[in-house]
Amino acid sequence: MAVASRHSNPISLVLLCSILISLVTSHEFLTDGTVIELDESSFDSAIATFDRILVDFYAPWCGHCKRLSPELDSAAPVLAVLKEPVVIAKLNADKYRKLASKYEIDGFPTLKLFLHGVPVDYTGPRKAELLTNHIKKIASPNVTLLESDASIKDFVKGAGSDLPLFIGFGLEEIALAKLGGQYKKTAWFGIAKDFSEKTMVQYDFDKFPALVSLYPKYNERNVFYGPFKEAFLEDFIKQNLLPLTVPIRYETLKLLRDDKRKIILVIVEDETEDKSINLVKILRSAATANRDFVFGFIGVNQWADFAETFDAAKGSDLPKMLVWDGNEEYYLVEGLERLEEEDQASQVSRFLEGYREGKTIKMTAKGPADSMKLVIGVALVLVILVIVSVVVAIIYLAGETGDGTQIRHARPENESGYKPISDSSEGTEEGYRGGDKED
């Protein structure tokens, strides 16, 4: 019979201590869809516990942080019930500065998404619904494998309607692996391994392999049957990242910045009028046959400032059709500066033909350039005034008061070294400003 040793095994003691330390330092986190408040003792444990966790590095005195907080509260329960849940947490980075320094937090609020412990900067929209969709996209795999009709249906439903989807039917995963990573921020990618004839009918393809593009928001669908080499696949993807006819809005302008094609732009008085809707249908047909252009439209009533960039305003000759390079130059086609109400399909065709033949009038978009010069000029004057005021104030404060006592300068309430992230517009359409970004 073995006799127990009176002396403790050193290794056993180490293991016991490790277990005790683990029990003391471990944390149980709620996963009920509430935002978790972290501190220095729980931060690392949370990052290790959750595969996907969005952390809000905030400061209690920051106004931007206070406005963001209810948006995160609204997004948290939605992200918590995903098939692959994302937890939202927050850390007072002004209090726990060592952690803030570790993750290079230099402004408030800063959002970082930790994917299996690896931090990724989140710079997307901050309104609850848009943030939720954006986080779902970032946290998803580059290419999702779909094993059945049911999984295809769940994939399409889960992706939402705001971004295009590309589903390869009968394709090998490797065919989309690189492009799925390259265009991950702007589209969803899936490979359907098993599917029925019913699904083929639903997505309107009659043979495979096939790559189907879907844009639920605009009710558009296109099919590509090859060749399935990377260059051809990428061309198809790039052409379907935008709808056939793009309504010019703040968010679509941001998408157009990444597209190198010229923009065929039609300006109408009001997008909701029947005659404008019919014209957009004509543009869709033209866009189908001219994929080397992007076709866009804007109503003066919908965004007057943007329309005035191209000398289009209420009471002017509308509809107006032009070719825009996305910057400061645009082109009119001789004899077709305005579209007449009759036979607009023929006029659109002649416009495209005239542009390709070089029968154009080069113009300069006055809005962005002139506005920027004005802003710079006003800003320069204000800077000079501020500098003069500061110099005068310093000279005055450096002197003595009337009773001979020296004035002492008050210490700022916050000298943490952090600065709030500058206030940014929410994407309003009050004016076209090329440098705007969404908060």
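This write-up is about the structure you can find in this document. Computed from a prediction, not measured in an experiment: that's the story for all the values here.

Before going further, it helps to examine the nonpolar core. If you look at the biggest cluster of nonpolar residues, it comprises 25 residues, and the most contacted ones within it are Leu38, Phe43, Ile53, Val55, Phe57, Leu91 and Phe114. Mapped onto this core, the elements with two or more residues apiece are strand S1 (36–38), helix H2 (43–49), strand S2 (52–58), strand S3 (87–92) and helix H4 (97–102). No other element matches S2, which puts four residues into this core. Aside from chain neighbours lying at most four places away, what touches Phe57 is Phe43, Leu91, Ala93, Tyr103, Ile105, Phe108, Pro109, Thr110, Lys112 and Phe114.

Next up on the list: the pairing of strand S9 (residues 188–192). Across the five residues that make up S9, a large majority, five, are buried. Neither face of S9 is open: one carries Trp188, Gly190 and Ala192, the other Phe189 and Ile191, and all of them are buried. Inspection of the sheet shows strand S7 (residues 144–146) paired to S9 by three bridges, in the parallel sense. If you follow Leu146 over to S9, its bridge partner there is Ala192. You can see the chain leave strand S8 (residues 165–169), run along helix H7 (residues 174–182) and come back into S9, and the turn it takes is right-handed.

A word on the sheet that holds strand S5 (residues 110–115). Overall, mixed pairing links the five strands, which are arranged S1-S3-S2-S5-S6 in an open sheet. The outermost strands of the open sheet, each flanked by one partner alone, are S1 and strand S6 (118–122). The average angle at which neighbouring strand axes cross in this sheet is 30°, direction not considered. Pairing analysis gives five bridges linking S5 to S6, with the strands arranged antiparallel. Looking at S6, one finds that Leu115 is bridged to Val118. Of the strands in this sheet, S2, S3 and S5 are in contact with helix H3 (residues 63–80), which crosses S3 at around 155°.

The strand order S12-S14-S13-S15-S16-S17 describes an open sheet built from six strands, whose pairing is mixed. Only two strands of the sheet have a single neighbouring strand rather than two, namely strand S12 (245–247) and strand S17 (360–364). Here the average twist between neighbouring strands, direction ignored, is 30°. Helix H13 (residues 344–356) rests against strand S13 (262–268), strand S14 (293–299), strand S15 (320–324), strand S16 (329–333) and S17 of the sheet, and its axis sits at about 35° to S15.

This part is about helix H9 (residues 230–239). Inspection of H9 places Leu233, Glu234, Phe236 and Ile237 among the buried residues, and these make up the whole buried set. Projected down its long axis, H9 shows its buried positions confined to an angular sector of 160°, all on one face. Against S8, H7, S9, strand S10 (210–215) and strand S11 (220–224) lie the buried residues of H9.

Under the defined criterion, the tally for this structure stands at 25 aromatic pairs. Judged by centre distance (5.7 Å) and plane angle (55°), the rings of Phe29 and Phe50 are tilted. Remark: Phe50 occurs in the loop between H2 and S2 and Phe29 occurs in the loop between helix H1 (10–25) and S1; sequence separation between them is 21 residues. Residue class for Phe50 comes out buried when judged on its relative accessible area of 10%. Ring centres of Phe43 and Tyr103 lie 5.5 Å apart, and the angle between their planes is 45°; on these two criteria the pair is classed as tilted. Within this pair, whereas Phe43 is found in helix H2, its partner Tyr103 is found in the loop between H4 and strand S4 (107–108), the two being separated by 60 residues in sequence. By relative accessible area, Phe43 is classed as buried at 0%. Of the residues examined, Tyr103 reaches a relative accessible area of 14% and is grouped as buried. Aromatic rings pair up to connect Phe166, Phe189, Phe224, Phe228 and Phe236 into one cluster. Over the face of the ring belonging to Trp188 we find Lys137, whose NZ or CZ atom lies 4.6 Å from the ring centre.

Calculation rules
- Residues numbered from 1 in each chain as written.
- Predicted model: local features only at pLDDT ≥ 70, side-chain atom pairs only at ≥ 80, totals over all residues.
- Heavy atoms only, no water.
- Core = buried A, V, L, I, M, F, W, Y, C linked by side-chain atoms within 4.5 Å.
- Buried < 20%, exposed > 50% of the residue type's maximum accessible area, 1.4 Å probe, protein only.
- Helix = DSSP H or I, 4+ residues; strand = E, 2+ residues; numbered from the N terminus.
- Contact = heavy atoms within 4.5 Å.
- Pairing = 2+ DSSP bridges.
- Right-handed = clockwise from strand over helix to strand, strands pointing away.
- Axes fitted to C-alpha atoms, helices over the stretch in contact; angles between N-to-C directions.
- Arc of directions from axis to C-beta.
- Phe/Tyr/Trp six-rings, centres within 6.5 Å; stacked < 30°, edge-to-face > 60°.
- Lys NZ or Arg CZ within 6 Å of the ring centre and 35° of its normal.

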